[in-house]
Structure formats: structure tokens, C-alpha cells
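Inside the fold
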Amino acid sequence: MPDARHTGVEGGVGLTALMVAAARAIETHRPDALAGDAYAEHFVRAAGVSAAWPVRPGDVPGGDANPLWGRLGRYFGLRTRVLDDHLLGSARAGARQVVLLGAGLDTRAFRLDWPRGQVVYEIDREDVLAFKHRVLDGLAAVPTATRRPIAADLRGDWAGSLLSAGFDPAAPTAWLAEGLLLYLPPAAERRLVDTVNRLSAGGSSLAFEVKLGAESPQVRASPVYAATRRQIGVDLLALFDKEPRPDSAGRLRERGWSAVIRTPFHFTRHHGRGPRPEPDDALASNRWVFAHKPGNDV
């Protein structure tokens with residue numbers, strides 16, 4: 001049975017999906033938006049717990065100085081853009097399968113300009129997908145790729161469900177674990193990485209987000225974490241798994257993959273907007289990893 005951290009979108013880890021959706025909605029309405037998601041604000045308004053959260057820049061108390069909706073929200077906007085670019089680049093180079101691991105309220109199957117013949121698999125818990133489908137069905141949303149949602153718990157055995165849905169392990173795949181591994185127990189993360197490796201043909205890629213090491217007491221007391229608890233009742237530090245994290249990039253390298261590791265600030269410099277480093281920074285240990293399995297030129 002799932003524990004309290006893994007039920008629905010109105011509690012525990014599910015709340016973080018609504019938090020990120022609100023951040024995407026705010027980003028969408030910025031004049032210098034890095035990413036656009038017309039569906040995001042509808043998710044936020046559809047859930048009772050988040051119905052009063054801001055979805056536009058003018059709704060944010062304190063504007064960009066707000067540690068949650070300003071700084072952390074801009075981080076999520078930047079992350080969305082970077083991973084959008086990564087997936088589209090992989091697809092246009094020949095990866096006709098995309099697998100969103102812990103898809104949550106991701107709407108890439110609806111809002112991105114996919115190449116013809118693209119298939120997007122979305123794996124998440126049944127209750128999360130049910131909420132998502134209710135909102136999207138109410139909007140008569142039409143996907144821009146073939147979309148195949150799969151109800152499965154990524155802490156368990158999900159490979160069989162993916163294969164049954166038509167996934168082809170002989171074809172190059174672009175995998176994405178966005179905002180997922182931070183919450184998984186280390187053993188589940190290792191199993192997930194090993195499963196991705198087993199199911200990946202040459203030319204596949206995997207992008208994921210991690211935190212490096214334990215954060216100091218000063219960082220744990222940072223305004224980002226405090227504001228998130230105070231403003232929306234989401235205690236990120238309580239949701240993050242407490243065990244030492246595995247070296248998933250190293251694990252992939254041992255299996256023949258290449259892996260490039262970037263800080264978010266690398267992309268802030270590249271795009272000219274996004275969060276910048278600050279003292280006792282809650283974002284300083286965040287890393288985005290882009291791994292590729294040798295083979296076809298993807």
C-alpha cells in the first residue's frame with residue numbers, strides 16, 4: 001500500500017506536482033517566459049488545496065523577490081525549458097519514443113511540437129493520472145503526439161506495463177526523470193536506472209535531476225524552504241528521501257553511457273534569465289544530468 005507521501009495530488013509528494021504546475025503557469029504569463037504551458041493553471045485551479053495559489057506574476061506577493069514563486073518558480077521555468085529542448089532535440093534526431101518517468105502534471109505530449117510519429121509514454125500512479133485526465137478532458141485537450149499513459153508505481157516493477165503499452169526496447173528512447181529521484185529511496189533509484197539501461201537501445205538518452213550530498217543546516221534554513229512551508233504547506237525537506245543518494249551518473253557510466261552534469265546556473269547564463277547563486281543556496285547542490293547510450297546518432 002502507498003504511504004501518505006504517495007497518494008493523490010492534494011497531499012505529500014503529489015502537492016509538489018501542483019506547486020510546479022503553478023510555477024509553470026506563472027512562467028507562461030511572464031513577458032520574458034522561458035516556457036509556456038497553457039494547461040498548468042487549470043490543474044492548479046482544479047485542486048481544492050491549490051485553488052487560491054498564484055498563477056500569474058501579478059498574483060505573487062512580493063513579485064520576483066518571493067523565494068517560492070519568484071526564485072524557486074523561476075528555477076522550475078528554467079528546468080522546463082531546458083528539458084523541453086533536450087527532449088525535442090532527441091526526438092528530432094531520431095528518438096521516436098519518449099518516456100516520462102513520474103510524469104505528474106507534465107503536458108509535453110500536448111504542448112510541444114513533436115515530429116510526426118512521436119510516441120510519449122507517461123508513467124505515474126493511477127490517482128495522479130486520473131486527476132490529470134479529468135482536467136485535460138474538461139479542456140478537450142488534443143495531444144500533439146501519440147500519448148500512452150501508464151498507471152504504475154516507479155518504486156516497483158513498472159517495465160512490464162511499459163512493454164505491454166507498446167514500448168519498443170530495440171528503438172532509441174528519450175527518457176526523462178524530472179523532479180523524481182529526490183523522493184525515491186536509493187534502492188528504487190538504482191532499480192530504475194538499471195531498468196532504463198536494460199530497456200534502452202543504442203542512441204537512447206536519459207535526463208534527470210539530483211541533489212549532491214547532504215545540505216548544511218544553513219541551507220536547510222534557507223528562505224526557499226521556509227517560504228514553501230509557510231505559503232503552501234509543502235515541506236520539501238520532509239519529502240526528500242533521507243538516505244545517502246546513489247551515484248546514478250556513475251552507475252550509467254559503468255554501463256557504457258556518457259553523462260554530462262550541469263548546474264542550473266549554467267543554463268541561467270545561457271538563457272540570460274533564471275535563478276543566480278546566492279549565499280546558503282537551496283539550489284546550489286541541484287544538478288541536471290544528461291546521459292547518452294552509445295549507438296545510433298541521437
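Since the structure is predicted, the reported quantities are computational estimates derived from the model, not experimental observations. (Residues numbered from 1 in each chain as written. Predicted model: local features only at pLDDT ≥ 70, side-chain atom pairs only at ≥ 80, totals over all residues. Heavy atoms only, no water.)

1. Here's the deal with the overall build of the protein
This is how the line gets drawn: Where helices and strands are cited, they refer to DSSP runs of H or I of at least four residues and of E of at least two residues respectively, numbered from the N terminus. This radius of gyration counts C-alpha atoms alone. The globule rule is 2.2 Å times how many residues there are, raised to the power 0.38. Two residues qualify as a contact provided that any one of their heavy atoms is within 4.5 Å of a heavy atom in the partner residue. Per-residue and other accessible areas follow the Shrake-Rupley method at a 1.4 Å probe size, with only the shown protein chains counted as cover for residues. In this tally, Asp and Glu contribute negative charge and Lys and Arg positive charge; neither His nor the terminal groups of the chain are included. A charge is said to be at NZ when it belongs to Lys, at CZ for Arg, at CG for Asp and at CD for Glu.
Summing up its helical and strand segments, the protein has twelve helices and seven strands in all. Relative to a compact globule of 298 residues, whose C-alpha radius of gyration would be 19 Å, the protein shows 18 Å and is just as compact. Summarising its shape, the C-alpha atoms of the protein cover approximately 50 × 45 × 45 Å along the three principal directions. A fraction of 76% describes how many contacts in the protein between residues 6 or more apart in sequence connect residues 24 or more apart. Approximately 12,000 Å² of the protein is accessible, and the part contributed by carbon and sulfur atoms is 52%. Distance between charge centres in the protein, computed from 38 positive and 34 negative side chains, equals 2 Å.

2. Concerning the confidence of the model for the protein
Counted only if it meets this: By definition, pLDDT measures how confident the predictor is in each residue, and it falls between 0 and 100.
Scored by pLDDT, the protein comes out at a mean of 94, with 97% of its residues at no less than 70. Predicted confidence is poor over residues 1-7, with pLDDT under 50, and the contacts of this stretch with residues over four places away or in other chains come to 16 contacts.

3. Points about the pattern of salt bridges
The following threshold applies: Each salt bridge in this description consists of a side-chain nitrogen of Lys or Arg and a carboxyl oxygen of Asp or Glu lying within 4 Å of one another. Each residue's exposure class comes from its accessible area (1.4 Å probe, protein chains only) as a fraction of the maximum for that residue type: buried when under 20%, exposed when over 50%, partly exposed otherwise.
The tally for this structure, following the rule as stated, stands at 26 salt bridges. Across the pair Asp-64 and Arg-30 runs a salt bridge, and its minimum N-O distance is 3.0 Å. Remark: Arg-30 occurs in the loop between α1 (13-28) and α2 (40-46) and Asp-64 occurs in the loop between α2 and α3 (67-92); sequence separation between them is 34 residues. Residue classification places Arg-30 among the buried positions, given a relative accessible area of 9%. Between Asp-235 and Arg-229 there is a salt bridge; the shortest N-O distance is 4.0 Å. Judged by its relative accessible area of 30%, Asp-235 falls in the partly exposed class. Residue classification places Arg-229 among the partly exposed residues on the basis of a relative accessible area of 34%.

4. Remarks on the packing of aromatic side chains
The condition that has to hold: Side-chain rings of Phe, Tyr and Trp (the six-membered ring for Trp) are treated as a pair once their centres are within 6.5 Å; stacked means planes under 30 degrees apart, edge-to-face means over 60, and tilted covers the remaining angles.
With the rule as written, the count across this model stands at twelve aromatic pairs. Where Tyr-183 meets Phe-240, the ring centres are 5.7 Å apart and the plane angle is 40 degrees; that geometry is what we call tilted. Of this pair, Tyr-183 sits in the loop between β4 (173-177) and α7 (186-199) while Phe-240 sits in the loop between α10 (236-239) and α11 (248-254); the two residues are 57 residues apart in sequence, bridging distant segments of the chain. Here the aromatic cluster, defined as three or more aromatic residues joined through ring pairs, consists of Tyr-75, Phe-76, Phe-267, Trp-288 and Phe-290.

5. Some details on the sheet that holds strand β6 (residues 258-262)
Operational definition: Criterion used throughout: strands pair if DSSP finds at least two bridges between them. To obtain each axis, a line is fitted to C-alpha atoms, and for helices this fit is confined to the stretch in contact; angles are then taken between N-to-C directions over 0 to 180 degrees.
Read from one edge to the other, the open sheet built from seven strands follows the order β3-β2-β1-β4-β5-β7-β6, with strand pairing classed as mixed. Both outer strands of the open sheet, β3 (146-151) and β6, are each paired with one neighbouring strand and no more. On average, each strand axis in the sheet is inclined to that of its neighbour by 15 degrees, with strand direction left out of account. When strand β5 (residues 205-211) meets strand β7 (residues 286-292), the two strands line up antiparallel, connected through seven bridges.

6. Overview of the pairing of strand β1 (residues 97-101)
Counting buried residues in β1 gives five out of five residues, a clear majority hidden from the surface. The alternating pattern of β1 places Gln-97, Val-99 and Leu-101 and Val-98 and Leu-100 on opposite faces, both of which are buried. Two strands pair when backbone bridges link them, and β1 and strand β2 (residues 119-124) are joined in this way by five bridges, in the parallel orientation. Each residue of the ladder has a partner; that of Val-99, found in β2, is Tyr-121. As defined by bridge partners, β1 adjoins β4 across four bridges and the pair is classed as parallel. When the sheet's bridge partners are listed, Val-98 is paired in β4 with Ala-174.

7. Topic: the side chain of Glu-41
Its place among the elements puts Glu-41 in helix α2. Among buried charged residues, Glu-41 stands out as having no salt bridge; its nearest opposite-charge side chain is Arg-56, 4.1 Å away. Ignoring anything within four residues of it in the chain, the contact list for Glu-41 reads Ala-25, His-29, Val-55 and Arg-56.

8. Some details on helix α12 (residues 264-271)
Worth spelling out the cut-off: Of all possible arcs, the one meant is that of the directions from the helix axis to the C-beta atoms.
When α12 is considered as a whole, its buried residues turn out to be Pro-264, Phe-265, Phe-267, Thr-268 and His-271. Viewed end-on, α12 has its buried residues packed into an arc of 155 degrees, placing them on one side of the element. Exposed residues lying more than 90 degrees from the buried face of α12 are Arg-269 and His-270. Here the buried face of α12 lies against α3, β6 and β7.

9. Structural notes on the packing of α3 against helix α9 (residues 223-232)
Note the following rule: To sort the angles, those under 35 degrees are grouped as roughly parallel, those over 145 as roughly antiparallel, those from 65 to 115 as roughly perpendicular, and the leftovers as oblique. Each helix crossing is assigned a hand: it is left-handed if the near helix lies turned anticlockwise from the far helix by less than a right angle, otherwise right-handed if that turn is clockwise. Amino acids outside the nonpolar list (Ala, Val, Leu, Ile, Met, Phe, Trp, Tyr, Cys, Pro) and the charged list (Asp, Glu, Lys, Arg) are all regarded as polar, and Gly is one of them.
Where α3 meets α9, the closest approach of the two axes is 9 Å, and the angle between their N-to-C directions is 125 degrees. In terms of their interaxial angle, α3 and α9 are classed as oblique. The two elements α3 and α9 cross, and the hand of that crossing is left-handed. Across the interface between the two elements, Pro-67, Leu-68, Trp-69, Arg-71 and Leu-72 from α3 touch Pro-223, Val-224, Ala-227, Thr-228, Gln-231 and Ile-232 from α9. Of the residues contributing to the contact of α3 with α9, the split by class is eight nonpolar, two polar and one charged.

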